[in-house]
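The lines below spell out each chain.
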Amino acid sequence: MNATAVIREWVNGETFLYLGRSYRLSLVSDQDGDLKLKEGRFCLSRSLIDQGGETAARKAFEAFYCAKGEKRVRDRVAYFAPKVGVTPSGTAVKDLGYRWASCSKDNLLRFHWKCMMAPSTIIDYMVVHELCHMHQRNHTEAFWNEVDKVMPDYRERKEWLRRHGAGLDL
Ligand SMILES: [Zn+2]
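All residue numbers refer to position in the chain's written sequence, counted from 1. Totals for whole chains, interfaces and linings use every residue, but because this is a predicted model, local features are given only for residues with pLDDT of at least 70 and side-chain atom pairs only at 80 or more, for both listing and counting. Side-chain figures throughout are based on the complete set of non-hydrogen atoms in the structure, without hydrogens or water.

Visitor: Looking at this structure, how should I read the side chain of H133?
Guide: Helix and strand assignments follow DSSP, with helices taken as H or I runs no shorter than four residues and strands as E runs no shorter than two, numbered in order from the N terminus. Within the secondary structure, H133 is located in the loop between α2 (120-132) and α3 (141-150). Relative accessibility decides the category of a residue: with a 1.4 Å probe and only protein chains considered, values under 20% of the type maximum give buried, values over 50% give exposed, and everything between is partly exposed. The exposure class assigned to H133 is buried, which follows from its relative accessible area of 9%. There is a polar contact of 3.1 Å between the side chain of H133 and the side chain of H129. Only 3.5 Å separates the side chain of H133 from the backbone oxygen of N138, close enough to count as a polar contact. Think of a polar contact as two N or O atoms within 3.5 Å of one another; within protein, one of them needs to be a possible hydrogen donor and the other a possible acceptor, and neighboring residues in sequence only count if both atoms come from side chains.

Visitor: How do you make sense of the environment of G167 when you look at a structure like this?
Guide: By the secondary structure assignment, G167 is in the segment after α4 (154-164). Along the sequence, G167 and M117 sit 50 residues apart, while their C-alpha atoms lie 9.1 Å from each other.

Visitor: Even after reading the chapter, I still don't get the side chain of S104, so can you show me in this structure?
Guide: Relative to the helices and strands, S104 is located in the loop between β6 (101-103) and β7 (108-112). Here S104 is in contact with R110 and R137, once residues within four sequence places are set aside. Every residue pair with non-hydrogen atoms within 4.5 Å of one another is taken to be in contact.

Visitor: Help me understand the packing of aromatic side chains in this model?
Guide: Centre-to-centre distance and the angle between the planes together describe a pair of aromatic rings. Two rings from Phe, Tyr or Trp (for Trp, the six-membered ring) form a pair when their centres are within 6.5 Å of each other. A pair whose planes differ by under 30 degrees is stacked, one over 60 is edge-to-face, and the rest are tilted. A complete count under the given rule lists 15 aromatic pairs for this structure. Between W10 and F16, the aromatic rings sit 5.3 Å apart at their centres with planes inclined by 35°, giving tilted as the arrangement. Across this residue pair, the class does not change: W10 and F16 are buried. The interplanar angle of 75° and the centroid separation of 5.3 Å between the aromatic rings of Y18 and F64 together place this pair among those described as edge-to-face.

Here it is, written out as structure tokens:
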């Protein structure tokens, strides 16, 4: 079981996930912007850590995942929505606590920023899952049937998330 909590020390070489890949952290002195992913590294402003500590560092990563997530989720929802045969009212990426994603009654799809740590195939599964909730607001056989129509290999992706989900964290 993968129940190990992620423990962070905000130092050079620490690794962070983005789209299923691991990137090392570099604390940098001269950078416009708090956090950038460039040349295969997460470059985090050293002064941000010096002044705001771990709280500020976490905020910078959350902002990064939210910004990247907004675009990816919008694109993937636009791609899959016609295949599922639904039209969501909008998308958002934010902190959803213990949930990966949700579909509101007015068909707004929300995704946790942590989703952006998962491989793109898993993000696609989460997108399809939420879109299918617009047909079936439950997890009955009818719901999984809808998922299966669009993503016949969804079981493997679901299993990946069950196994590795706890490791997708800051
Ligand atoms: Zn669900």
